[in-house]
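Now for the letters of each chain:
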Amino acid sequence: MNSSLECKEIEIEISEQDPFANDKLERKPFANVLTTIINLYSDKGCVLSINGEWGSGKTTFIKMWQQQLKNNGYRTIYFNAWKNDFNDDPLISILGELNKEFSNCKTFEKVVTNGSKILLKMGETLLRNKIGDDSEILASGISEISNLCRESINRYQDYKQTLEKFKESLSELVASEANGKPVVFIVDELDRCNPHYAVKILERVKHLFDVPNIAFIIAVNDEQLQYAVQGFY
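Calculation criteria
- Residues numbered from 1 in each chain as written.
- Predicted model: local features only at pLDDT ≥ 70, side-chain atom pairs only at ≥ 80, totals over all residues.
- Heavy atoms only, no water.
- Helix = DSSP H or I, 4+ residues; strand = E, 2+ residues; numbered from the N terminus.
- Buried < 20%, exposed > 50% of the residue type's maximum accessible area, 1.4 Å probe, protein only.
- Contact = heavy atoms within 4.5 Å.
- Areas by Shrake-Rupley, 256 points an atom, 1.4 Å probe, with all protein chains shown as cover.
- Pairing = 2+ DSSP bridges.
- Right-handed = clockwise from strand over helix to strand, strands pointing away.
- Polar contact = N/O pair within 3.5 Å; in protein donor to acceptor, adjacent residues only side chain to side chain.
- Core = buried A, V, L, I, M, F, W, Y, C linked by side-chain atoms within 4.5 Å.
- Axes fitted to C-alpha atoms, helices over the stretch in contact; angles between N-to-C directions.
- Left-handed = near helix turned anticlockwise from the far one by under 90°.
- Nonpolar A, V, L, I, M, F, W, Y, C, P; charged D, E, K, R; others polar.

Asker: What exactly am I supposed to notice about the overall build of the protein here?
Answerer: If you tally the helices and strands in the protein, you get eight helices and four strands. The buried share of the protein, reckoned over its 233 residues, is 37%. For the protein, restricting intrachain contacts to residue pairs at least 6 apart in sequence, the fraction spanning at least 24 positions comes to 84%. Roughly 14,400 Å² of accessible area belongs to the protein as shown, and the carbon and sulfur atoms make up 51% of that amount.

In structure tokens form, the structure reads like this:
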């Protein structure tokens, strides 16, 4: 005879006044250490990984820590990557989460505008790559290699300028709206994502959000994430 048991996940209540009140593992000192670390390194931007096996309580811990940060005046964003990997580009999802926190800030409009330009540039590159695979279009549309090279250089310079404007507007937003503290962006469940989406998130964090006073916290099972990266490559 076969039998199975399905258990509903039990969410631990997180008190707004005392976030770690129900934490039987007594992890509040660890949260205090992490807060100290992001304060030390956030002036140049930083990315921290919180590693733990599935079911070890990472999500509960980071939500408790997030509430503690909020209570101390930090602007925080929680992003469940697994629940949002339906988007082709995680930049849209990341901007969407930032919008929840900064939608009333005038400087955030600049971030959205420059972010949309980056998406357009990325889309143009993908389109050109697809066209480049078609030998007939390639033969009929491009006759001079030097012209093609010059166009590529111009696109590269244009993209770099667009990227710098995006970073500048992001820095301006943080400087004006974050109460003099780092903005803490928490990415959870990255190891459960579609491998392509997981790698894209890491790329976007590295290339687009490498600005002062933004700390990315990635809660992940490192071993499972390695499998995801292997699946991508």
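That shown, we press on.
Asker: What is the right way to read the pairing of strand E4 (residues 214-220) from this model?
Answerer: Two faces belong to every sheet, and in a regular strand the side chains alternate between them. Counting buried residues along E4, seven of its seven residues qualify, which places the element largely inside the surrounding structure. Residues Ile-214, Phe-216, Ile-218 and Val-220 point to one face of E4 and Ala-215, Ile-217 and Ala-219 to the other, with burial holding for every one of them. In terms of strand pairing, strand E1 (residues 46-51) meets E4 through six bridges, oriented parallel. Within E4, the residue paired with Val-47 across the bridge is Phe-216. The β-α-β motif built from strand E3 (residues 183-188), the intervening helix H7 (residues 195-208) and the parallel element E4 has right-handed crossover chirality.

Asker: What should I look at first to understand the environment of Gln-230 in this one?
Answerer: Within the secondary structure layout, Gln-230 lies in helix H8 (residues 222-232). For the pair Gln-230 and Pro-195, spaced 35 residues apart in sequence, the C-alpha separation works out to 8.2 Å.

Asker: Got a minute to help me understand the environment of Glu-189 in this structure?
Answerer: On the secondary structure map, Glu-189 appears in the loop between E3 and H7. We classify Glu-189 as buried; its relative accessible area is 16%. Linking Glu-189 and Lys-83, residues 106 residues apart in sequence, is a C-alpha distance of 8.4 Å. With residues up to four places along the chain from it excluded, the contact list for Glu-189 reads Thr-59, Asn-80, Ala-81, Trp-82 and Ala-219. In this structure the side chain of Glu-189 is engaged in a polar contact, spanning 2.7 Å, whose partner is the side chain of Arg-192.

Asker: It is not clear to me how the environment of Val-183 should be interpreted in this structure. Could you clarify?
Answerer: For Val-183, the location among the structural elements is in strand E3. Separated by 107 residues in sequence, Val-183 and Thr-76 have C-alpha atoms that sit 5.8 Å apart. Once residues lying within four places of it in the same chain are set aside, the contact partners of Val-183 are Arg-75, Ile-77, Phe-102, Val-174, Ala-178, Asn-213, Ile-214 and Ala-215.

Asker: Just to check I follow, could you spell out the side chain of Arg-27 for this structure?
Answerer: Among the structural elements, Arg-27 can be located in the segment before helix H1 (28-41). On the basis of relative accessibility, which here comes to 16%, the residue Arg-27 falls in the buried class. Not counting residues within four places of it along the chain, the set of residues in contact with Arg-27 comprises Phe-20, Ser-56, Gly-57, Thr-60 and Phe-61.

Asker: Help me understand the nonpolar core, please; the structure alone is not making it clear to me.
Answerer: Where a protein is soluble and globular, its nonpolar side chains tend to be buried together. Counting 36 residues, the largest nonpolar core has Leu-98, Phe-166, Leu-170, Val-187, Leu-190 and Phe-209 as its most contacted members. Those elements giving two or more residues to this core turn out to be strand E2 (76-80), helix H3 (90-102), helix H4 (106-132), helix H6 (145-177), E3, H7, E4 and H8. With 18 residues, the next largest nonpolar core counts Cys-46, Phe-61, Tyr-78 and Val-184 among its residues.

Asker: Which parts of the structure should I look at to understand the packing of H3 against H7?
Answerer: Each packed pair of helices is defined by two parameters, the angle between the axes and the distance between the axes. Where H3 contacts H7, the axes come no closer than 9 Å and their chain directions differ by 65°. Crossing handedness for the pair H3 and H7: right-handed. Contacts between H3 and H7 involve Pro-90, Leu-91 and Ser-93 from the former and Tyr-197, Lys-200, Ile-201, Arg-204 and Leu-208 from the latter. Tallied by class, residues from the contact of H3 with H7 come to five nonpolar, one polar and two charged.

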